[in-house]
Amino acid sequence: MTKRILFSDNVRSELVTRQNEKCLYCNKPLFYGYAIIEHKIPLSRGGTNEKDNLAATCFECDFLKGAQTADEFMNPKTRKRWARTGQKKEPKSCIVLRA
């Protein structure tokens, strides 16, 4: 399994800029210091630390995604599971997801 590493400020800045300063999943505006660097395919599921597997996200999406892949997280059937985990509704920042 690939080890988790701490990403440099340059990598964070590059990802935020590449995504037009918006969360990959919900399009919420990202501010450089508050963007979370996230693995589209989690390390625990065979993902890597390569830039093409990294995304800048908001805290809410990173927390809710957990160990799902990006594709699983974006699937409407998967999103409905949030309600069954005790949450009353999806967070406002995650309601409108881009295709």
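The coordinates are above.
What counts, and at which threshold
- Residues numbered from 1 in each chain as written.
- Predicted model: local features only at pLDDT ≥ 70, side-chain atom pairs only at ≥ 80, totals over all residues.
- Heavy atoms only, no water.
- Helix = DSSP H or I, 4+ residues; strand = E, 2+ residues; numbered from the N terminus.
- Buried < 20%, exposed > 50% of the residue type's maximum accessible area, 1.4 Å probe, protein only.
- Contact = heavy atoms within 4.5 Å.
- Areas by Shrake-Rupley, 256 points an atom, 1.4 Å probe, with all protein chains shown as cover.
- Phe/Tyr/Trp six-rings, centres within 6.5 Å; stacked < 30°, edge-to-face > 60°.
- Salt bridge = Lys/Arg side-chain N within 4 Å of Asp/Glu carboxyl O.

**Some words on the overall build of the protein**
Here comes step 1: Check the secondary structure of the protein and you find five helices and two strands.
Here comes step 2: Reading the helices (α) and strands (β) of the protein from amino to carboxyl end gives α-β-β-α-α-α-α.
Here comes step 3: Within the protein, buried positions represent 38% of all 99 residues.
Here comes step 4: When contacts within the protein are restricted to residue pairs at least 6 apart in sequence, long-range pairs at least 24 apart make up 55% of them.
Here comes step 5: Element-wise, carbon and sulfur atoms account for 55% of the exposed surface of the protein, whose accessible area totals about 6,700 Å².

**Here's the deal with the environment of Asn20**
Here comes step 1: Tracing the backbone through its elements, the reader meets Asn20 in the loop between α1 (9–18) and β1 (36–39).
Here comes step 2: Residues Asn20 and Leu30, spaced ten residues apart in sequence, show a C-alpha to C-alpha distance of 8.7 Å.

**Some details on the packing of aromatic side chains**
Here comes step 1: Counting across every chain of the model gives two aromatic pairs.
Here comes step 2: Aromatic pair Tyr25 and Phe73: ring centres 5.0 Å apart, planes at 75 degrees, arrangement edge-to-face. One end of the pair, Tyr25, is in the loop between α1 and β1; the other, Phe73, is in helix α3 (residues 70–74), with 48 residues separating them in the sequence.
Here comes step 3: For Tyr25, a relative accessible area of 1% puts it in the buried group.
Here comes step 4: Given a relative accessible area of 0%, Phe73 falls into the buried group.
Here comes step 5: Taking the centre distance of 6.1 Å and the plane angle of 15 degrees together, the rings of Phe59 and Phe63 count as stacked. With Phe59 and Phe63 both in helix α2 (residues 59–65) and four residues apart, this pair spans about one turn of that helix.
Here comes step 6: What makes Phe59 exposed here is its relative accessible area of 53%.

**Some remarks on the pattern of salt bridges**
Here comes step 1: Under the defined criterion, the tally for this structure stands at four salt bridges.
Here comes step 2: A salt bridge links Lys28 to Glu60; the nearest nitrogen and oxygen atoms lie 3.0 Å apart. One end of the pair, Lys28, is in the loop between α1 and β1; the other, Glu60, is in helix α2, and 32 residues separate them in sequence.
Here comes step 3: Residue Lys28 is classed as partly exposed on the basis of its relative accessible area, which comes to 30%.
Here comes step 4: Across the pair Glu72 and Arg45 runs a salt bridge whose closest N-O atoms are separated by 2.7 Å. Placement of the pair is Glu72 in helix α3 and Arg45 in the loop between β1 and β2 (54–57), with a sequence separation of 27 residues.
Here comes step 5: For Arg45, a relative accessible area of 42% puts it in the partly exposed group.

**What about the side chain of Thr57?**
Here comes step 1: Note that Thr57 resides in strand β2.
Here comes step 2: What makes Thr57 buried here is its relative accessible area of 0%.

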